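For reference, the chains in residue letters:
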Amino acid sequence: MVFKNLPIEMDASGQARLRVGGPADPFGLKDLLDRRPALRPDSVSPPAEDADWIEREAETANAQIIRFEPLTRSSRRISFKALIDFEQRRVLDARVSRNEHWGLDLAVLGATPSDAVQLTSRMSGISSGSNAIASSMALEMSFGIAPPPLAIITRGLGAAAELIGAHTRHLFIQAGIDYSEAAVSRTSFALWERAQSAPTKRAELHGFADIADLMRQLNPVDGHLYLEALHLMRTANEVATLIFGKYPHPSSLFPGGVGIVANKELFNQILARINQLIDYAKKVTAIWDDLADFFFEADPQFSQVGHSPANMLSTGIWDDPMLCNGSLAGCGDWGEQRLSTPGVVVNGRIRTTRLFDLNAGIEQFPDHSYFEQWQGHPFETDPLGTPLSPLHPWNRQTIPAPSQNNWNGRYSWETAARWDREPVETGPLARQWITAQAGKLRNEFIHSSGSSIEIDLPRFQMPAQRLMWHLPVRPNAIERNRARAYHIGYCGMIALTYLLRAFNCLQKGEKATSTPFRVPQNALGVGFWEDATGALLHHIEISGGRIANYQILTASSWLGSPQDALGRPGPCEQALINTPLLEQFRTSEDFTGIDLLRTIRSFDL
């Protein structure tokens, strides 16, 4: 099937510039909707009949639907089901569902705009700081203000700490258990036997002589690496609390700045903790490099577990405090100066690194969601005159329409977020991929070369070390975890960068941490930020001095999206379909789904 993209032209610098296609059907929506598959009404078939229908469509007597609900060691709001041919040991189809509607976009309607920061931070505890920052940035754009440099610095410090804590939790409390003795010895006897005689390559950094010992320390509750992660998560959260006032759900963030006393004593307290976390990053990367090498060498098919196309999106994160003015008109410039480069990669090729292109290309399809299609096209362009689709977040209206979960109908509380009609992956892998490939990063500790990122970690209790992360041959489950491990070191050096800038500001007498503002009667704004899972966008419309529309586009709308209007699966669904079933089992009753679980947990939904 051929999927129609928005027409694209290239500017003089070789970057993508979105444009409309024609006056009759400028975004090709009529043509697209005319070609979309007919949805089966939810009332047609109960779950048992639905399963029979899927099996008949697959034309195999061996196909079974296996359900994982809820998804343990991840969000309780996420579940998935897969149609599996056990004779061929392959996944025929998959559906990923979000089972709860947040409703915060409706809760803020009519509220005073500045209240949005506190309300939307409740989206998620582990990314409450990121949501508060994204909301603040959306309001700052609509108010026409920018925080002082020291406020941008302290926000960036808090965000780096939040990401370190979340990545540590993911690698050792959530996804890491899938690679532990408890999981491997049960699901792959041959792999476990090999692990017992496989020496590690980086024992001097993590202290484990063989892979089996490393896997034992990943065991839940009593494994050393599990327990150590709990301690280091606390250290990272202490930094976040010092910046955010409290954590989770910050009390110190608001449009225009931060409500803390940023002084030398505060930053010295943070520096001691950041040094511990940088040392920890040296160990974490060594652990995941050894695990990745072992799995790929033991069975090259592990590179296909969770495989997905090289379609990546990142809004970037961590602004230059001297260059960021927060405006939409300037976001192409200040965005590219971020310490993690924004952009979109499609089929391995960079399409843009400019935030206004990224924003203009967004569409959300509700066809397989528990939402009604909204009507109208109130914002045909953004404030700069760039055409916007009727399905853009500024045009979206949230109209819940709960119904029965149906395989070929509606099955999720997520819309299908797409960029230029393409499903895209977001998260640490995308963040580092785009930063490396774009080659725009300028930082004294982190260097991008087009195909790799070098991170210089200074000496503390462990010797100085240079981390070298390379673009993987293909995105897959293990490479997502490896990228997250390297991102702990990346975040640590961003935090150190900001600490040095903070001390410099204080030395020059720059102590302002907020900018006054007035709420406009009518305005649009968008906050471009990232949490540990991936891209995070807050779109706001202010009318009559109140919030008229508020849309939050989280990473799970990109990663865990249902099918779009043409039946094209989201990144998680596609990765599940691509995954070979490598575990050892005799019958479907013995099947644990460990390869599928490794896949979906690698996205950290």
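Right above here is the structure, for reference.
What counts, and at which threshold
- Residues numbered from 1 in each chain as written.
- Predicted model: local features only at pLDDT ≥ 70, side-chain atom pairs only at ≥ 80, totals over all residues.
- Heavy atoms only, no water.
- Helix = DSSP H or I, 4+ residues; strand = E, 2+ residues; numbered from the N terminus.
- Rg over C-alpha atoms; globule rule 2.2 N^0.38 Å.
- Buried < 20%, exposed > 50% of the residue type's maximum accessible area, 1.4 Å probe, protein only.
- Contact = heavy atoms within 4.5 Å.
- Areas by Shrake-Rupley, 256 points an atom, 1.4 Å probe, with all protein chains shown as cover.
- Lys, Arg positive; Asp, Glu negative; His and termini not counted.
- Charge placed at Lys NZ, Arg CZ, Asp CG, Glu CD.
- Core = buried A, V, L, I, M, F, W, Y, C linked by side-chain atoms within 4.5 Å.
- Expected span 1.5 Å × (residues − 1).
- Polar contact = N/O pair within 3.5 Å; in protein donor to acceptor, adjacent residues only side chain to side chain.
- Salt bridge = Lys/Arg side-chain N within 4 Å of Asp/Glu carboxyl O.
- Pairing = 2+ DSSP bridges.
- Axes fitted to C-alpha atoms, helices over the stretch in contact; angles between N-to-C directions.
- Parallel < 35°, antiparallel > 145°, perpendicular 65-115°, else oblique.
- Left-handed = near helix turned anticlockwise from the far one by under 90°.
- Nonpolar A, V, L, I, M, F, W, Y, C, P; charged D, E, K, R; others polar.

Draft legend 1. Up close: the overall build of the protein chain. The helix and strand inventory of the protein chain stands at 19 helices and 18 strands. At 24 Å, the protein chain has a C-alpha radius of gyration in line with the 25 Å of a compact globule built from 605 residues. Summarising its shape, the C-alpha atoms of the protein chain cover approximately 70 × 65 × 45 Å along the three principal directions. By the burial criterion, 63% of the 605 residues in the protein chain qualify as buried. In the protein chain, 72% of the contacts between residues at least 6 apart in sequence involve partners at least 24 apart. Counting every atom, the protein chain has about 21,500 Å² of accessible surface; 50% of that belongs to carbon and sulfur. Charge-centre separation for the protein chain: the mean point of 57 positive side chains lies 4 Å from the mean point of 66 negative side chains.

Draft legend 2. Highlighting the nonpolar core. The biggest cluster of nonpolar side chains holds 142 residues, and the ones touching the most others in it are F172, F267, F295, W318 and W558. Other than its neighbours up to four places away in sequence, F267 contacts L150, T154, L157, A262, L499, A502, F503 and L506. Residues I66, F80, L581 and I600 belong to the second largest nonpolar core, which totals 24 residues.

Draft legend 3. Local environment of helix 16 (residues 477-507). Over its 31 residues, helix 16 runs 45 Å from end to end, which matches the ideal 45 Å to within 8%, given 1.5 Å per residue. Of all 31 residues in helix 16, 26 are buried, a share of seventy percent or more. Two or three places before I478, at the start of helix 16, stands the capping residue N476, its side-chain oxygen 3.2 Å from that residue's backbone nitrogen. G509, located one to two residues past helix 16, shows a positive phi value of around 85°.

Draft legend 4. Fine view of the pattern of salt bridges. Taken as a whole and assessed by the stated rule, the structure comprises 29 salt bridges. Ionic pairing is found between R568 and E422, a salt bridge with its closest N-O pair at 3.4 Å. Separated by 146 residues along the polypeptide, R568 in the loop between helix 17 (555-559) and helix 18 (571-578) and E422 in the loop between strand 12 (416-419) and helix 15 (428-438) bring together distant segments of the chain. R480 is the salt-bridge partner of E425, the closest N and O atoms lying 2.8 Å from each other. Taken together, the positions of E425 in the loop between strand 12 and helix 15 and R480 in helix 16 put the pair 55 residues apart, joining distant regions of the chain. There is no split in this pair, since E425 and R480 are both buried. Taken together, the salt bridges that share partners define one network made up of K201, R202, D290, D293 and E297.

Draft legend 5. The sheet that holds strand 5 (residues 90-98), seen in detail. Read from one edge to the other, the open sheet built from 3 strands follows the order 3-4-5, with strand pairing classed as antiparallel. The sheet is open, and its two edges are formed by strand 3 (63-68) and strand 5, each paired on a single side. Between one strand axis and the next, the sheet turns through 15° on average, direction left out of account. The sheet contact formed by strand 4 (residues 78-85) and strand 5 spans 8 bridges and is antiparallel. Opposite D85, over in strand 5, you have R90 as the bridge partner. In the packing of helix 18 onto the sheet, the strands contacted are strand 4 and strand 5, and the crossing angle to strand 5 comes to about 155°. Relative to strand 4, helix 19 (residues 594-601) is tilted by about 140°, and along the sheet it contacts strand 3, strand 4 and strand 5.

Draft legend 6. Region of the structure containing the packing of helix 15 against helix 16. At their nearest, the axes of helix 15 and helix 16 sit 8 Å apart, and the two run at 70° to each other. By the angle class used here, helix 15 and helix 16 are roughly perpendicular. Where helix 15 abuts helix 16, its residues P428, L429, R431, Q432 and T435 lie against E479, R480, A483, R484, Y486, H487 and Y490.

Draft legend 7. Geometry of the sheet that holds strand 18 (residues 546-553). With antiparallel pairing, 3 strands are arranged side by side in an open sheet as 16-17-18. The sheet is open, and its two edges are formed by strand 16 (522-530) and strand 18, each paired on a single side. Taking the axes of each pair of neighbouring strands and ignoring which way they run, one obtains an average angle of 10° across the sheet. Where strand 17 (residues 535-543) lies against strand 18, 7 bridges are found, and the strand directions are antiparallel. Looking at the pairing, S543 lines up with R546 of strand 18. Sheet strands in contact with helix 5 (residues 128-143) are strand 16, strand 17 and strand 18, and its direction is about 145° off that of strand 16.

Draft legend 8. Just the packing of helix 18 against helix 19, in detail. Direction vectors running N to C along helix 18 and helix 19 enclose 155°, while the axes themselves pass 9 Å from each other. Put simply, helix 18 runs roughly antiparallel to helix 19. Classified by chirality, the crossing of helix 19 by helix 18 is right-handed. Judged by residue contacts, C572, A575 and L576 of helix 18 engage L596, T599 and I600 from helix 19. Within the contact of helix 18 with helix 19, the residues separate by chemical class into 5 nonpolar, 1 polar and no charged.

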